[in-house]
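Survey of secondary and tertiary structure
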Amino acid sequence: MPKYLYYVLSMIFVFFSLSACQDTPKNITATVINLSSKNVIGTIHIKETKYGLIFQPSITDPHIQQGLHGFHVHMGSSCAQQGQAAGKHFNKNKTIHAANWYEESHAGDLPNLYFDKNGHANLPVLSNRLQLQDIQGKSLIIHDHTDSYTNHTHGSGGGKRIACAIIAQVTSI
Ligand SMILES: [Cu+2]
Ligand SMILES: [Zn+2]
């Protein structure tokens, strides 16, 4: 085999190795912290699919009440100050606070998360309007109450921030 062929083959190998490294991740596991106790209470696994992003919680915290809890992607990259450092809802186009399936809503508005009577959350929610690259480095907030999916009532996003996760930990595909 001519020498230049070794060269060409090795460059092809290097090219494919590099492009494999530069793939954007298809999933992230974010660690969830209770904002009062500061304890780690579980994870939210975020997976990119052809239907959008699936947020799969695996959380146990007996201090979280049974029922539906407001859940959003917030702009900030910090959970400090009882979650206030997470800032406002991720919002690409100056839209309004509403249900996730309403096209005019904040991009970070997600369906409510369900916690059972033992403080377990394991039912996934879907957003068909987000990609992982949009939300990396931002945060997830879980609220004390149910999100009414409207701008019109006080505390409509679910009120007090009770748990927070930074969307940063990259895992293998
Ligand atoms: Cu929120
Ligand atoms: Zn919102």
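We now turn to the structure provided with this report. The numbers attached to residues start from 1 for each chain and follow its sequence in the written order. Think of it this way: whatever chain is written first is A, whatever ligand is written first is 1, and the rest follow in order. Predicted model: local features are reported for residues with pLDDT of at least 70 only, side-chain atom pairs are reported and counted for 80 or more only, and whole-chain, interface and lining totals are derived from all residues.

**Structural notes on the overall build of the protein**
The numbering of helices and of strands both runs from the N terminus, where a helix is a DSSP run of H or I of at least 4 residues and a strand a run of E of at least 2. From N to C terminus, the protein includes 2 helices and 10 strands. If you list the helices and strands of the protein from N to C, you get α-β-β-β-β-β-β-β-β-α-β-β. Across the protein, contacts joining residues at least 24 apart in sequence account for 58% of those joining residues at least 6 apart. Two residues qualify as a contact pair if the distance between their C-beta atoms, derived from the backbone, is within 7 Å.

**Comments concerning the nonpolar core**
We call a set of buried Ala, Val, Leu, Ile, Met, Phe, Trp, Tyr and Cys residues a nonpolar core when their C-beta atoms link them within 7 Å. Backbone-placed C-beta atoms define the burial measure: a residue is buried with 20 or more other C-beta atoms within 10 Å of its own, exposed with 12 or fewer, and partly exposed in between. Among the nonpolar cores identified, the biggest contains 31 residues, and A30, L140, C164, A165 and I167 are the most heavily contacted of them. Residue contributions to this core peak at 5 residues, all from strand β10 (residues 161–166).

**Here we look at the pairing of strand β9 (residues 139–143)**
Buried residues dominate β9, accounting for 5 of its 5 residues. Burial along β9 is two-sided: the residues S139, I141 and H143 and L140 and I142 are all buried. Paired strands, in this sense, are two strands between which DSSP finds at least two bridges. As defined by bridge partners, strand β5 (residues 71–74) adjoins β9 across 4 bridges and the pair is classed as antiparallel. Counterpart to F71 in the pairing with β9 is I142. Across 5 bridges, β9 lies against β10 in antiparallel orientation. Bridge pairing in β10 links H143 to R161.

**Quick look at the environment of L130**
Within the secondary structure, L130 sits in the loop between β8 (125–127) and α2 (132–135). By the C-beta count within 10 Å, which is 21 here, L130 ends up buried. Sequence spacing of L130 and L53 is 77 residues, and the spatial spacing of their C-alpha atoms is 6.1 Å. In contact with L130, other than residues within four places in its own chain, are G52, L53, A107 and I135.

**Re the pairing of strand β2 (residues 40–49)**
Pairing geometry for strand β1 (residues 27–34) and β2, over 7 bridges, is antiparallel. Bridge assignment links A30 to a residue of β2, and that residue is I44. In sequence, β1 turns back onto β2 through a hairpin of 5 residues, with K38 there showing a positive phi of about 65°.

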